[in-house]
Amino acid sequence: MPPAPRRHAPPRVDVLRLGHRAARDPRLTTHLALTARAWGAERLFLHPPDTELAARLSRVNGRWGSAFEVVGVKDWRPTVREHSGHVVHLTMYGSPLDVVLPELVAQSSLLAVVGGAKVPAAMYEMADWNVAVGHQPHSEVAALAVLLDRIRGTPAPGALPGASHAIVPMARGKRVVEVHRP
Ligand code: SAM
């Protein structure tokens, strides 16, 4: 589905991931971080912190560009309270995304929150919107990807700032070229 029509720049988005279990789900959270980065989010606040995951994303930036940051947080509440934007918490129990979308695209800055196995009840109270991407359980990666695609659109081809490499889109095969910085 195309992103909602808008008259101004899409909101800047930071993401907060609650309940990361470094030993159990490094791959899932890495995919969440890659998704946030690819759709142009600025930062992933990761609770609890995981320095290895942050280093992995920094290596991705080195090759493919962007200034995306993984910021470890020991206590997630100040991150939510002190964020400059409004807070959209993704949960299958929330309001339908289609209903809330016009309000979301009108924001200049958003903090998108996704959970893990169990989200503290306080998060539902602290959010400006609790939003469902369909009302069936699926995945934080899928929920975030759909949200970002609807509010920011699908990323266009081309190298991101600072990239050393870029993909040349093609119907078959794979082509990666080096980017020569001035
Ligand atoms: N009971 C959870 C819930 O509230 O959505 C599902 C747990 S799921 C393993 C982990 C995370 O995926 C949730 O905290 C939520 O952020 C996201 N998620 C899963 N299904 C979703 C849906 N239908 N809509 C929005 N977010 C969803």
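Here the structure is a predicted model, which is why all the values come from computation and not from measurement.

A. Summary view of the packing of helix 1 (residues 26–38) against helix 6 (residues 140–152). Closest axis-to-axis distance for the helix 1/helix 6 pair is 9 Å, and the angle between their directions is 5°. Judged by the angle between their axes, helix 1 and helix 6 are roughly parallel. Across the interface between the two elements, L28, H31, L32, T35 and A36 from helix 1 touch E140, V141, L144, A145 and L148 from helix 6. In the contact of helix 1 with helix 6, the residues fall into 7 nonpolar, 2 polar and 1 charged.

B. Expanded view of the pattern of salt bridges. Per the stated rule, a full pass over the model turns up 7 salt bridges. When the shortest N-O distance is used, the salt bridge between R43 and D14 registers 2.9 Å. In this pair, R43 sits in strand 2 (residues 43–46) while D14 sits in strand 1 (residues 12–17), placing the two residues 29 residues apart along the sequence. Between R77 and D75 there is a salt bridge, with its nearest N and O atoms 4.0 Å apart.

C. View of helix 6. Spanning 13 residues, helix 6 covers 18 Å between terminal C-alpha atoms, matching the ideal 18 Å at 1.5 Å per step. Taking burial as the measure, the 13 residues of helix 6 include 10 buried ones, the bulk of the element. Close packing links the buried residues of helix 6 with strand 1, helix 1, strand 4 (86–96), helix 4 (97–105) and strand 5 (109–114). Where helix 6 begins, the capping side chain belongs to S139, and its oxygen is found 2.9 Å from the backbone nitrogen of V141. Phi turns positive, to about 85°, at G153, one or two residues after helix 6.

D. Structural context of the site of the ligand. As a matter of local geometry, the ligand sits amid 19 residues, with L90, T91, M92, V133 and Q136 nearest to it. T91 places a side-chain nitrogen or oxygen 2.8 Å from an oxygen atom of the ligand. Within the complex, the protein chains bury 86% of what would otherwise be the 530 Å² of accessible surface of the ligand. Breaking the shell around the ligand down by element, the ones donating at least two residues are strand 4, strand 6 (129–132) and helix 6. For the shell around the ligand, the leading source of residues is strand 4, giving 4 residues. Class assignment for the residues of the shell around the ligand results in 11 nonpolar, 7 polar and 1 charged.

E. A look at unusual backbone geometry. Cis geometry is adopted by the peptide bond preceding P48, which originates at H47 and carries an omega value of -10°. Here P48 shows up in the loop between strand 2 and helix 2 (51–64).

F. Structural view of the nonpolar core. F68, V88, L104, L144, L147 and I151 are the most contacted members of the largest nonpolar core, which has 31 residues in total. Residue contacts for L104: discarding those within four places in its chain leaves P11, V88, L97, L110, W129, L147 and I151. V73, V87, V113 and V119 belong to the second largest nonpolar core, which has 12 residues in total.

G. View of the side chain of R17. Secondary-structure assignment places R17 in strand 1. Leave out the neighbours within four places in its chain, and R17 touches D25, L28, T29, L32, L44, F45, L46, H47, V114, G115, G116 and E140.

Analysis parameters
Residues numbered from 1 in each chain as written. Predicted model: local features only at pLDDT ≥ 70, side-chain atom pairs only at ≥ 80, totals over all residues. Heavy atoms only, no water. Axes fitted to C-alpha atoms, helices over the stretch in contact; angles between N-to-C directions. Helix = DSSP H or I, 4+ residues; strand = E, 2+ residues; numbered from the N terminus. Parallel < 35°, antiparallel > 145°, perpendicular 65-115°, else oblique. Contact = heavy atoms within 4.5 Å. Nonpolar A, V, L, I, M, F, W, Y, C, P; charged D, E, K, R; others polar. Salt bridge = Lys/Arg side-chain N within 4 Å of Asp/Glu carboxyl O. Expected span 1.5 Å × (residues − 1). Buried < 20%, exposed > 50% of the residue type's maximum accessible area, 1.4 Å probe, protein only. Polar contact = N/O pair within 3.5 Å; in protein donor to acceptor, adjacent residues only side chain to side chain. Near = heavy atom within 4 Å. Areas by Shrake-Rupley, 256 points an atom, 1.4 Å probe, with all protein chains shown as cover. Core = buried A, V, L, I, M, F, W, Y, C linked by side-chain atoms within 4.5 Å.

In short, shape yes, function no, at least from these values alone.
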